[in-house]
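# Fold and geometry: a report
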Amino acid sequence: MDRFIIDGGKSLRGTLRVSGSKNAALPILIATLLTDEPCLIENVPTRLRDIRLTFRVLEAIGKRVEVSGTNVTVVDDKPLKTRAPYELVKQMRASVLVAGPLLARFGWVRVPIPGGCAIGVRPIDIHLKGFEDLGARRTFEAGDIILDSPLRPGTIRFKFPSVGATENLMLAAAALPGMTILRNAAREPEIGDLGRFLTAMGARVTGAGTSTITVRGARHLHGARHAVIADRIEAGTLMLAAAAAQGSLRLLAVEPKHLKALTGKMRCAGAVVREEKDGIFMSMKGRPRPVSIATAPYPGFPTDLQAPWMAWMCLARGRCRVQETVFENRFLHAAELSRMGGRVSLSGKTAAVEGVPQLCGAPVMASDLRAGAALVVAALAARGRTMVQRVYHIDRGYERLEIRLRVLGAKIRRVHR
Ligand code: UD1
C-alpha cells in the first residue's frame, strides 16, 4: 500500500495541463458496447485505476482494448457476453453502466448489485426504475440483478437527477429505435460529453446538459472517434491545493464554465481567478475568508470538491459551514483534518468549520478518493510532515498526483510498502 510523504508550507506555482475527465471517459468507454465497429477515444486518463478497471470490464464482456498514451481503441474480440463479473463490479460501482447498452441490444443482462461504499449506501433504484419504465422485468439471483424482456422507447422521469442513472438510460435509449425522453436528468458536463459520443455513433441526442434529454436511438450504431472533455474535478482540486499553499496556478485545456460554482466561491474567499482563452489562472495570498458552501447536482457546488474545499476552509479567518446534500456520509475526512489541527464539528449533513492560522502535519488516512485529495490539500499547506496512507484511493481519480504537484514545487513523494 503506497503512502504520500508531504512536507508542507511550500508555495505552489506553475502551469499544468488538465487530464481528460475520468467521469466522462467511463460511460463513453462503456458506450462502445453499443457497436460492433472499432471506436477511438482520445484524451483518456489511461493510468487511473478506475479507467484500468473499465478496460477489464470491457474485456470480460468481449471487447479488446488497445491503449497508446491517452488514446484508447476498443474493438470487438469475441461475441459479447451479457454478464458483468462481480469481481470487477465490487471494485468499481460505475461498472453497472454496462446494464443499459447490453440490455437494450440483447434484451437480457445480469449484473451484480454494487455494494455500498465509504461515502454512502448508493443504491441503484433510479437506474432500475428507468429500465422498468422502458419495459424491463427484473429478478434477483445470488446478489445479481437480472433484467430481461426487450426494451421499447418511452418517457422517464427521474425522482432525483442521478448522474449514473441518466447515463445508463441514455446508453440504453441510444440502441432503441424511436424517441426516449429523460426528464429531471442530471446536467453534469460529463452527460453532455456522453451525448456527443452517442450522437457521433449514430444516435441523435439533444438536450444533454439540460434537465430534459431526448435520445433518438438506432438499431445499428457505428464506430466513432471522440476526445474526452477535461476533468473539472482534477482542475478544481489543483486550484484548491494551490490556494491552500498560497501560490498561483495556470491550468490549461480546462473549460472554465464547468468550474463556475467553484471559482465563484473561491473569489468570495479572496482568490484571484481569471478565465483565459484556453484555461484558468488562479492566485491566492494569505488565509481565505470563510465561505460556506452546500453541495448540489450540477450546476451547483460539486460534491466531489466538498472535501478539498473543507480542507482549505480549515485555514479560514473565521467560521463557515459545509453542507453535503448529495451523499449521506461524505465527511470521513473531517476526523482526519482534525488530526492535523483543523476544527471541524459535524451535525448531520452539516460541518461547522472554524478556521485556524496553521495546520500541522500528521499521519492520516485516505478513506475515499476525494477525502484523500482533501488530505493532500491540507498537507501542502500544513507546517511539518504529513504521511497520507491508503493512496490507492487517490489513484482511482488523480493521475500521478504527486508528480503533478512536484511540477508546482510541492515536496511530496510516494513511498511503496
Ligand atoms: C457520479 C460521479 C461521482 C459524483 C456523483 C455526484 C462517476 C463515475 N461518479 O456518481 O464522482 O460524486 O456522480 O455528482 O461519474 N442514488 C440513489 N439511487 C440511484 C442512484 C443514485 O439513491 O439509483 C443517490 C446516491 O446514493 C447518491 C446520489 O443519488 O446519494 C447521487 O448519486 P449519482 O448522481 O447517481 O452519482 P454516481 O453516478 O454514483
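Residues numbered from 1 in each chain as written. Predicted model: local features only at pLDDT ≥ 70, side-chain atom pairs only at ≥ 80, totals over all residues. Heavy atoms only, no water.

### Some remarks on the layout of surface pockets
Selection rule: Both cavities and pockets are sets of points on a 1 Å grid over the protein atoms alone; in a cavity a 1.4 Å probe fits but cannot get out, in a pocket the set is open with protein on both sides within 12 Å along at least five of seven lines, and lining residues sit with an atom within 4 Å of a point. Grid points are joined across faces, edges and corners, and a volume is the space filled by probe spheres set on the points. Each helix corresponds to a stretch of at least 4 residues labelled H or I by DSSP, and each strand to a stretch of at least 2 residues labelled E; elements are numbered beginning at the N terminus. Under this grouping Gly is polar, as are all residues other than the nonpolar Ala, Val, Leu, Ile, Met, Phe, Trp, Tyr, Cys and Pro and the charged Asp, Glu, Lys and Arg.
Quantified by volume, the second largest pocket comes out at close to 170 Å³. Residue lining of the second largest pocket: 16 residues in total, with Ala244, Ala245, Gln246, Leu315 and Ala381 positioned closest to the centre. Only helix H8 (232–244) and helix H12 (369–381) provide two or more residues apiece to the lining of the second largest pocket. Partitioned by chemical class, the residues of the lining of the second largest pocket number nine nonpolar, five polar and two charged.

### Observations regarding unusual backbone geometry
In plain terms, the rule: Burial classes: relative accessible area under 20% of the type maximum marks a residue as buried, over 50% as exposed, and values in between as partly exposed (1.4 Å probe, protein chains only).
The omega torsion of the bond from Tyr298 to Pro299 falls at 10 degrees, within 30 degrees of zero and hence cis. For Asn43, which is not a glycine, the phi torsion comes out positive at approximately 60 degrees. Its place among the elements puts Asn43 in the loop between strand E3 (39–42) and helix H2 (49–61). On the basis of relative accessibility, which here comes to 28%, the residue Asn43 falls in the partly exposed class.

### Brief notes about the packing of H8 against H12
How we decide: Under this scheme, a helix contributes an axis fitted over its contacting stretch, all axes are lines through C-alpha atoms, and angles between N-to-C directions fall in the 0 to 180 degree range. Put simply, angles under 35 degrees are roughly parallel, angles over 145 are roughly antiparallel, angles from 65 to 115 are roughly perpendicular, and the rest are oblique. Put simply, a crossing is left-handed when the front helix is turned counterclockwise from the back one by less than a right angle, and right-handed when it is turned clockwise. Two residues form a contact once any of their heavy atoms are found within 4.5 Å.
At their nearest, the axes of H8 and H12 sit 8 Å apart, and the two run at 25 degrees to each other. Between H8 and H12, the angle falls in the class roughly parallel. Crossing of H8 against H12: the hand is right-handed. Residues Ile233, Thr237, Leu240, Ala241 and Ala244 of H8 form the contact with H12, whose participating residues are Arg370, Ala373, Val377, Leu380 and Ala381. In terms of residue class, the contact of H8 with H12 is built from eight nonpolar, one polar and one charged.

### Let's talk about the nonpolar core
One recurring pattern in soluble globular proteins is that nonpolar side chains are buried together. This is how it is decided: Nonpolar cores are built from buried Ala, Val, Leu, Ile, Met, Phe, Trp, Tyr and Cys residues. Side-chain atoms within 4.5 Å join them into one set.
Core analysis: the biggest nonpolar cluster contains 75 residues, and Met266, Trp309, Trp312 and Leu405 have the highest contact counts within it. In terms of residue count, H12 provides more of this core than any other element does, ten residues in total. Ile156, Ala173, Ala174 and Leu221 belong to the second largest nonpolar core, which has 73 residues in total.

### Considering helix H4 (residues 99–106)
Burial analysis of H4 places six of its eight residues in the buried class, which makes it a mostly covered element. Among all positions of H4, only Ala99, Gly100, Pro101, Leu102, Leu103 and Ala104 are buried. Where the residues of H4 are buried, they touch helix H1 (22–31), H2, strand E6 (108–112), helix H5 (125–133), strand E8 (144–148) and helix H6 (163–174). Following H4 by one or two positions, Gly107 has its phi on the positive side, about 75 degrees.

### A few points about the domain arrangement of the protein
Going by this rule: Residue ranges assigned to the domains are those given by an automatic or database domain assignment. Two parts lose some accessible area (1.4 Å probe) when they are put together, and adding that loss for both gives the buried area. For this analysis, a salt bridge means a side-chain nitrogen from Lys or Arg found within 4 Å of a carboxyl oxygen belonging to Asp or Glu.
Assigned domains of the protein: these are domain 1 (3–19 + 230–415) and domain 2 (22–227). The straight-line distance from the C-alpha centre of domain 1 to that of domain 2 is 30 Å. Contact with domain 1, which involves 23 residues of that partner, is made by 21 residues of domain 2. A combined buried area of about 2,000 Å² lies between domain 1 and domain 2, and 52% of that area is made up of carbon and sulfur atoms. Taken as a group, Tyr298, Arg396 and Glu399 account for 32% of the area that domain 1 buries against domain 2, more than any other trio of residues on that side. A salt bridge links Arg396 to Asp50, with the nearest nitrogen and oxygen atoms 2.8 Å apart. Of all the secondary-structure elements, those providing two or more residues to the side of domain 1 that touches domain 2 are H12 and helix H13 (392–395). Looking at side-chain class alone, the side of domain 1 that touches domain 2 contains eight nonpolar, four polar and eleven charged residues.

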